[in-house]
Amino acid sequence: MWSYVKQLQHPIKVATPNPALAKVIISQYGGPDGELGASLRYLSQRYSMPYPELKGLLTDIGTEGSE
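Trainee: What am I meant to see in the overall build of the chain here?
Mentor: Secondary structure assignment for the chain yields 3 helices and 0 strands. Listed N to C, the secondary structure of the chain is α-α-α in terms of helices and strands. Taking as baseline every contact in the chain between residues at least 6 positions apart, the subset at least 24 positions apart corresponds to 38%. Here the chain displays about 5,900 Å² of accessible surface, and carbon together with sulfur accounts for 62% of that area.

Spelled out as structure tokens, the structure:
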């Protein structure tokens, strides 16, 4: 058995916007191997999961990855 606590691994605090860095980060989200694709796979697998306690885990992983 395991204990699952929903929290960010690293707290996020943005002091000033950085458009160049934002462009690099956004490029990591797109494409078939990007974070967005992985997040959508987790969310789509959630609907075929037979165990209700794991549906929440897949939902949390999918939504945390897309934030």
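Trainee: Explanation requested: the packing of aromatic side chains in the structure shown.
Mentor: Geometry of an aromatic ring pair is reported as the spacing of the ring centres plus the angle between the planes. Within the structure shown, the criterion is met by 0 aromatic pairs. For R46, the ring lying beneath its charged end belongs to Y47, and the centroid distance is 5.1 Å.

Trainee: Before we go on, may I ask you to explain the side chain of D60 in this structure?
Mentor: Among the structural elements, D60 can be located in helix α3 (residues 52–65). According to the relative accessible area criterion, D60 is buried, its value standing at 18%. Setting aside anything within four residues of it in sequence, one finds D60 in contact with Y4 and K6.

Trainee: I would appreciate a short explanation of the environment of G56 in the present structure.
Mentor: For G56, the position within the fold is in helix α3. Taking the relative accessible area as the measure of exposure, G56 reaches 33% and is therefore partly exposed. Between the alpha carbons of G56 and R46 there is a distance of 7.9 Å; along the sequence they are 10 residues apart.

Trainee: For this particular structure, what's the right way to read the environment of L43?
Mentor: By secondary structure assignment, the location of L43 is in helix α2 (residues 35–46). When its relative accessible area of 25% is taken as the criterion, L43 is described as partly exposed. Separated by 13 residues in sequence, L43 and G56 have C-alpha atoms that sit 10.0 Å apart. Among residues more than four places away in sequence, those in contact with L43 are L58, T59, G62 and T63.

Rules used in this analysis
- Residues numbered from 1 in each chain as written.
- Predicted model: local features only at pLDDT ≥ 70, side-chain atom pairs only at ≥ 80, totals over all residues.
- Heavy atoms only, no water.
- Helix = DSSP H or I, 4+ residues; strand = E, 2+ residues; numbered from the N terminus.
- Contact = heavy atoms within 4.5 Å.
- Areas by Shrake-Rupley, 256 points an atom, 1.4 Å probe, with all protein chains shown as cover.
- Phe/Tyr/Trp six-rings, centres within 6.5 Å; stacked < 30°, edge-to-face > 60°.
- Lys NZ or Arg CZ within 6 Å of the ring centre and 35° of its normal.
- Buried < 20%, exposed > 50% of the residue type's maximum accessible area, 1.4 Å probe, protein only.

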